[in-house]
Each structure stands twice: as C-alpha cells, then as structure tokens.
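Notes for the structure review
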Amino acid sequence: MKSRKNLNARELYELLFEAWGPQHWWPGETPFEIAVGAVLTQNTAWTNVEKAITQLKAADMLTAQLLLAVPEPDLAQLIRPTGYCNVKARYLRALASWILQRAAGDLSTLASSDPGALRSELLAVHGVGRETADSILLYAVGQPAFVIDAYTLRIASRLQLLPRNADYDTAQQFFITQFPADLHIYNECHALLVRLAKEHCRTRPV
C-alpha cells in the first residue's frame with residue numbers, strides 16, 4: 001500500500017467501509033469466547049487461535065467456570081497451537097477468575113460500568129495488556145474502546161498520520177480525536193484496518 005497524502009483517518013475509514021462494508025468482527029459466539037480469543041491472539045496468527053478455540057469448544061471449556069475447573073496443564077495442551085501455551089494458560093485462568101468474580105461469568109453485564117475504571121481493572125489482570133484490554137472492552141463488553149495494534153500503527157505510519165515510532169497511547173489518543181466515541185465505528189474501523197493491512201499494507205510495502 002503506497003502512501004496517499006492528505007488522507008485523514010475519517011476519510012480512510014469511509015473509503016474502506018464503502019469498499020468492504022461491515023466486517024462482523026470480532027468472531028465469537030459469546031463474550032467469554034471473544035475474551036479468550038483476545039488473550040490467545042497475542043504473538044500469533046488468528047488461524048492458530050481458531051484451532052485452539054475449536055479444541056476448547058470440543059472440550060466444553062468456553063465458560064469461566066468450566067475453564068477454571070480444568071487443570072492448567074490440560075488447558076495448555078488445548079491451546080498449544082497459539083504458542084507460549086503454558087504462559088497463556090495462566091493468563092486465561094487469571095482472566096476467567098476475574099470475569100467470574102467481577103461479572104459472575106458474563107462480561108456483557110459490565111457494559112454500563114465506568115469505562116476508565118473497568119479498563120484499569122482489566123489491566124491489573126495478569127497477562128492483560130492495553131491491546132488485549134481494549135479488545136475485550138470493545139468486542140466482549142460492548143464499550144467504545146479504540147484498539148491499537150501493529151496493523152493500525154503500520155497503516156498510520158505509511159499514510160503519515162502518525163510518526164513511525166508512535167506508541168500505543170499516542171496512537172489511541174489520535175484516533176479517538178478523529179471519531180465520535182461510537183461502539184459501531186470503533187469496531188468497524190479496527191476491523192477494516194486489520195483487513196487493509198493483511199491484504200494490501202504488508203510489512204514490506206507492495
């Protein structure tokens with residue numbers, strides 16, 4: 001993807017949405033499954049996450065209660081396709097414990113919670129960083145958190161919207177100023193940027 005000068009973030013979103021329409025992202029049947037995917041996708045491709053999710057479903061482990069009932073080594077084996085399986089098993093157990101205690105196992109009940117406070121709580125969970133927390137807030141809880149990932153940073157740099165070395169907080173604040181705090185727009189914008197990066201804005205420009 002070659003740089004196109006004078007294209008702002010809102011114009012980019014509108015062009016992508018006009019071209020590709022709704023992306024129906026994040027894939028997942030329940031808020032808990034989406035949260036699990038947000039942890040598993042750390043440092044791996046989504047195709048690997050899909051394999052792990054399929055195995056978790058087959059083992060009937062996609063609720064906080066059932067996941068916590070399984071020994072950690074068994075959980076690690078099921079999510080092995082995503083890499084770092086022992087570490088991620090601990091992350092998943094920590095997140096499941098928090099979801100069980102904070103939301104009785106149902107993340108959707110937290111939609112009306114104070115966004116800043118809820119984000120701080122998530123960031124305090126072992127293994128949950130800013131991208132993971134914002135993904136959970138946006139796609140599982142249903143709060144307008146703008147997710148920044150490597151794809152977003154790459155596109156913003158190539159289009160000269162942000163400097164090449166922009167960090168997560170700087171990038172997030174930039175995009176927040178470009179859009180209203182709207183759940184639907186944040187959802188679609190992130191999903192469309194991911195698609196753009198995967199199909200056209202590769203690591204090496206094409």
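Refer to the preceding data block for the structure.
First, a word on scope: everything that follows refers to the structure included in this document. Fair warning: this is a prediction, and the values are worked out from it, not measured in the lab. (Residues numbered from 1 in each chain as written. Predicted model: local features only at pLDDT ≥ 70, side-chain atom pairs only at ≥ 80, totals over all residues. Heavy atoms only, no water.)

**Overview of the packing of aromatic side chains**
Where we set the bar: To pair, rings of Phe, Tyr and Trp, with the six-membered ring standing in for Trp, must have centres within 6.5 Å; the planes then decide the type, stacked if under 30 degrees apart, edge-to-face if over 60, and tilted in the middle. Numbering goes from the N terminus for both helices and strands, where a helix is a DSSP run of H or I of at least four residues and a strand is a run of E of at least two. Working definition: with a 1.4 Å probe on protein chains only, accessible area under 20% of the residue-type maximum means buried, over 50% means exposed, and in between means partly exposed.
Tallied over the entire structure, the rule returns 10 aromatic pairs. Consider the rings of F146 and F175, whose centres lie 4.9 Å apart with planes at 10°: the pair is stacked. Of this pair, F146 sits in the loop between α8 (130-141) and α9 (150-158) while F175 sits in helix α10 (residues 168-178), placing them 29 residues apart in sequence. Taking relative accessible area as the criterion, F146 reaches 1% and is therefore assigned buried.

**Brief notes about the pattern of salt bridges**
To keep it simple, the criterion reads: Basic side-chain nitrogens of Lys or Arg form a salt bridge, by our definition, when they fall within 4 Å of a carboxyl oxygen of Asp or Glu.
As enumerated under the stated definition, the model contains 8 salt bridges in all. In this structure, E14 engages R10 in a salt bridge whose closest nitrogen and oxygen atoms are separated by 3.5 Å. Here E14 pairs with R10, and both are found in helix α1 (residues 9-20), just 4 residues apart, close to one helical turn. Its relative accessible area of 43% is what places E14 among the partly exposed residues. Using a relative accessible area of 30% as the deciding quantity, one classes R10 as partly exposed. Several salt bridges share partner residues, and in doing so they unite E29, E33 and K57 into one network.

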